[in-house]
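Coordinate inspection notes
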Amino acid sequence: AGWCPCGYFFLVDLPRISNNFMNACILTIGNELLQGFTIDTNSTWIAKTIQSYDIYIKKILTIGDSHDTIIAETKKILDDDIDFLFVTGGLGPTKDDITKNTICKYFDTDLQIDETILDKLTIKFKSVGKNLNDLNKKQAELPVGAIVLFNDWGTAPGMIMEKNNSLFVFFPGVPIEMRSIFNTY
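Residues numbered from 1 in each chain as written. Predicted model: local features only at pLDDT ≥ 70, side-chain atom pairs only at ≥ 80, totals over all residues. Heavy atoms only, no water.

Here's the deal with the layout of surface pockets
Its volume calculated, the largest pocket comes out at about 350 Å³. Taken together, 26 residues make up the lining of the largest pocket; nearest its centre are Glu 32, Gly 89, Pro 172, Gly 173 and Val 174. (1 Å grid on protein atoms, 1.4 Å probe; cavity = no way out; pocket = protein on both sides within 12 Å on 5 of 7 lines; lining within 4 Å. Points joined across faces, edges and corners; volume = space filled by probe spheres on them.)

Examining helix H4 (residues 99-107)
Most of H4 sits inside the fold, with 7 of its 9 residues counted as buried. Considered for burial, the residues of H4 that qualify are Thr 99, Lys 100, Thr 102, Ile 103, Cys 104, Tyr 106 and Phe 107. Looking one or two residues past H4, Asp 108 carries a phi angle of roughly 50 degrees, positive in sign. (Buried < 20%, exposed > 50% of the residue type's maximum accessible area, 1.4 Å probe, protein only. Helix = DSSP H or I, 4+ residues; strand = E, 2+ residues; numbered from the N terminus.)

Points about unusual backbone geometry
Backbone phi values are negative for most residues with the exception of glycine, while trans is the configuration of most peptide bonds. Located in the positive-phi region is Asn 164, a residue other than glycine, with phi close to 50 degrees. Counting through the fold element by element, Asn 164 comes out in the loop between strand E9 (158-163) and strand E10 (166-171). Residues other than glycine seldom take positive phi values, yet Asn 165 does so here, at roughly 65 degrees.

Considering the environment of Leu 61
Its place among the elements puts Leu 61 in strand E4 (residues 55-63). Residues Leu 61 and Leu 27 lie 34 residues apart in sequence; the distance between their C-alpha atoms is 5.0 Å. If near-sequence neighbours (up to four positions away) are discounted, Leu 61 is found in contact with Ile 26, Leu 27, Thr 28, Glu 73 and Ile 77. (Contact = heavy atoms within 4.5 Å.)

Some words on the nonpolar core
If you look at the biggest cluster of nonpolar residues, it comprises 30 residues, and the most contacted ones within it are Leu 27, Leu 85, Phe 107, Met 159, Phe 168 and Phe 170. Counting only elements with at least two residues in this core, the list comes to strand E3 (22-29), helix H3 (67-79), strand E5 (84-88), H4, helix H5 (115-127), E9 and E10. Every residue in contact with Phe 107, bar those within four places of it in the chain, is listed here: Met 161, Glu 162, Lys 163, Phe 168 and Phe 170. Membership of the second largest hydrophobic core comes to 19 residues, among which are Leu 149, Met 178, Ile 181 and Phe 182. (Core = buried A, V, L, I, M, F, W, Y, C linked by side-chain atoms within 4.5 Å.)

Quick look at the sheet that holds E5
Pairing is mixed in the open sheet, where 6 strands are placed in the order E4-E3-E5-E10-E9-E8. The sheet is open, and its two borders are formed by E4 and strand E8 (147-149), each paired with just one other strand. Within this sheet the neighbouring strands show an average axis-to-axis angle of 20 degrees, counted without direction. For E9 and E10, the ladder comprises 5 bridges, and the chain directions are antiparallel. (Pairing = 2+ DSSP bridges. Axes fitted to C-alpha atoms, helices over the stretch in contact; angles between N-to-C directions.)

Considerations on the confidence of the model for the protein chain
Regions with low pLDDT carry predicted coordinates that are not meant to be interpreted in detail. Residues with a pLDDT of 70 or more make up 89% of the protein chain, whose mean pLDDT is 89. By mean pLDDT, the top-scoring element of the protein chain is E5 (98), and the lowest-scoring one is strand E2 (residues 9-10) (44). Counted against residues more than four places away or in other chains, residues 8-18, with its pLDDT under 50, gives 33 contacts. (pLDDT = per-residue confidence, 0-100.)

Some details on the environment of Asp 54
With respect to the element layout, Asp 54 can be found in the loop between helix H2 (42-50) and E4. Between the C-alpha atom of Asp 54 and that of Met 22, which follows or precedes it by 32 residues, the distance is 6.5 Å.

A word on the packing of H2 against helix H7 (residues 175-184)
Contact geometry of H2 with H7 gives a least axis separation of 10 Å together with a crossing angle of 20 degrees. Classified by the angle between their axes, H2 and H7 sit roughly parallel to one another. Along this stretch, H2 crosses H7, giving a crossing that reads as right-handed. On H7, the residues touching Asn 42, Trp 45, Ile 46, Thr 49 and Ile 50 of H2 are Pro 175, Met 178, Arg 179, Phe 182 and Asn 183. Grouping the constituent residues of the contact of H2 with H7 by class yields 6 nonpolar, 3 polar and 1 charged. (Parallel < 35°, antiparallel > 145°, perpendicular 65-115°, else oblique. Left-handed = near helix turned anticlockwise from the far one by under 90°. Nonpolar A, V, L, I, M, F, W, Y, C, P; charged D, E, K, R; others polar.)

Printed below as a string of structure tokens:
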């Protein structure tokens, strides 16, 4: 048992490497990152932030919005004995935001509506005089078994999942949202 740097207590005993550091990888997802339209500040921020938790970053990887690439690279990362995989990007409601569907394929699960998230989204939209449309309702769809990390700055929640003694922590790609979720949990 132990905890991850975002404060989530987990019941899985994760192995440590010989220097008593846990291993981590940061995976950023988005074609906009690869094409140079957006600068990846999330990796640097996460790497600096988790240093004080005795977590060693073994790899930082940026990939595009492709189901096959996300799954293939995730498998390669986990073959490298990673305790934590921090993932940013692809959780939004647009067509290129495919991370949640890919997570479901990788974890062999389905998306389901999280009523708490749906209620929070409805309230958030009503507070600015708008109705929640079908595109934004997708934000309430989360993989079955995911632990929700609420997003006070945006509409895409983060989430935590576990597989094969590795903890996956998923964040939206918008830096202020990612940082807020990380610091809250």
